[in-house]
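Coordinate inspection notes
Here's the letter readout for the chains.
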Amino acid sequence: MTEATRTWLITGCSTGFGREMAMAVLAAGDNVVVTARSLAAVADILDRYPETAAGAHLDVTDAEQREAALAVALNRFGGLDVLVNNAGYGYLAAIEEGDEDEIRQMFETNFFGALALTKLALPHFRQRRAGLIINNSSQAGLMGNPGTGYYSASKFALEGAMEALTRELEPLGIKVVSLQPGAFRTDWSGRSMRTSGTRIADYAGHVGARIDMISQIDGQQPGDPKRVGPLVVELSRMAQPPEKLLLGAGLYSTYEAKLVQRLEDMRAWREVTESVDFPTDATPHQTQDKDGAPHE
């Protein structure tokens, strides 16, 4: 992409990261399709930037609304340069406590909705051999913890698909960036949070306690979403943005510790890992004894 004015489509702009991203992008002079399930929630943004902001009613689980939102970018601004998959929410439950309907609904938003909107944008990016997809994922897409297993599953799915997509798009000049925020002061653990109505006593002391802790820290998280908006603008102007970017000092240290532990585990079990392959010096009809000697 050049330094010319870009057009963005950002999902979930009513509050939190989406709102801050939209405001920062518009302040930088770019065009934004500002989306929300209720346009009343973003009316102030549209009033403030009447020339460069266009509203689109968007529930990312609705196919017609996804197509209509993309059409706003194409018809009002003549194209699309940056897609930000930001819309999503959390669900708290021990795995055994999870409600299947709730879980599937969350996946429809966090994973399938983002994936479908990405697929809509890709033909336009491929035609121009340029474009940027930014996914606002989560620390839960890097680490699974008690009480947030289903949320992690939806984000792990998104991370896996987008990691593969990154490799598929590299030869085409299209970039993919995955953001993994830690604990930020948004509505994620407050108004937007959903929880299971089932509580099993055996999980109360560890899973239940963590679920309660997540709710209690709402409004006290260390991360400032206002700092993320300008960062996203900066990422969009990089020739080689990072494929994955952790957000939050606490997350950095926690994930680093996880990676160190994973590496230690891999090394401890390396001999077993490598023992299950066919021996490299055996013929196709040979196997190995316990001592490693090949036999027919």
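Bear in mind that the values here come from a model prediction, so they are computed numbers and not experimental data. (Residues numbered from 1 in each chain as written. Predicted model: local features only at pLDDT ≥ 70, side-chain atom pairs only at ≥ 80, totals over all residues. Heavy atoms only, no water.)

Remarks on the nonpolar core
Stated formally: In plain words, nonpolar cores are sets of buried Ala, Val, Leu, Ile, Met, Phe, Trp, Tyr and Cys residues tied together by side-chain atoms within 4.5 Å. Note on classification: 1.4 Å probe, protein chains only; a residue is buried when its accessible area is under 20% of the maximum for its type, exposed when over 50%, partly exposed between these limits. Counting from the N terminus, the helices are the DSSP runs of H or I reaching at least four residues and the strands are the DSSP runs of E reaching at least two.
Counting residues in hydrophobic clusters, the biggest one holds 34 residues, and the most contacted among them are Leu9, Leu80, Met106, Phe125, Ile133, Leu165 and Leu169. Every element with two or more residues in this core is listed here: strand 3 (53–57), helix 3 (63–77), helix 4 (100–128), helix 5 (149–169) and strand 7 (174–181). By residue number, the principal contributor to this core is helix 4, which donates 9 residues. In terms of nonpolar packing, the next biggest core, distinct from the first, is built from 29 residues, Phe17, Val32, Val84 and Val233 among them.

Details of the packing of aromatic side chains
Stated formally: Geometry of aromatic contacts follows a simple scheme: Phe, Tyr and Trp rings, the Trp one being its six-membered ring, pair when their centres are within 6.5 Å, and the pair is stacked under 30 degrees between planes, edge-to-face over 60, tilted otherwise.
In total, this model carries 2 aromatic pairs according to the counting rule given. On the basis of an interplanar angle of 55 degrees and a centroid distance of 6.4 Å, the ring pair of Tyr91 and Tyr150 is categorised as tilted. With a gap of 59 residues between them, Tyr91 in strand 5 (residues 91–92) and Tyr150 in helix 5 connect regions that are remote in the sequence. Per residue, the accessibility class of Tyr91 equals that of Tyr150, and both read buried. Aromatic side chains Phe111 and Phe112 sit 4.9 Å apart centroid to centroid with 70 degrees between the ring planes, which places their arrangement in the edge-to-face category. With relative accessibility at 12%, the residue Phe111 sits in the buried group. Looking at Phe112, the relative accessible area reads 41%, which means it is partly exposed.

Notes on the pairing of strand 6 (residues 131–136)
Just so we agree on the cut-off: At least two bridges found by DSSP between two strands are what make those strands a pair.
Burial analysis of strand 6 places 6 of its 6 residues in the buried class, which makes it a mostly covered element. Side chains Gly131, Ile133 and Asn135 of strand 6 all project onto a buried face; the interleaved residues Leu132, Ile134 and Asn136 project onto the opposite face, where all are buried too. Both strand 4 (residues 82–85) and strand 6 contribute to a ladder of 4 bridges, which runs parallel. Residue pairing for strand 6: Asn85 is matched across the bridge by Asn135. Bridge count for strand 6 against strand 7 is 6 bridges, and the pairing is parallel. Residue Ile134 lies in a different strand from strand 7, and its bridge partner there is Val177.

Side note on the pattern of salt bridges
Going by this rule: By convention in these notes, a salt bridge is any Lys or Arg side-chain nitrogen within 4 Å of a carboxyl oxygen on Asp or Glu.
Summed over all chains, the structure comprises 10 salt bridges. Of the charged contacts in the structure, one is a salt bridge between Lys226 and Glu20, with a shortest N-O distance of 3.3 Å. Of this pair, Lys226 sits in the loop between helix 6 (204–216) and helix 7 (228–236) while Glu20 sits in helix 1 (residues 16–27); the two residues are 206 residues apart in sequence, bridging distant segments of the chain. Between Asp81 and Arg128 there is a salt bridge, with the nearest N and O atoms lying 2.8 Å from each other. Residue Asp81 is located in the loop between helix 3 and strand 4, and its partner Arg128 is located in helix 4; the two are separated by 47 residues in the primary sequence. When its relative accessible area of 12% is taken as the criterion, Asp81 is described as buried. Connected through salt bridges with shared partners, the residues Glu159, Glu163 and Lys244 form a single ionic network.

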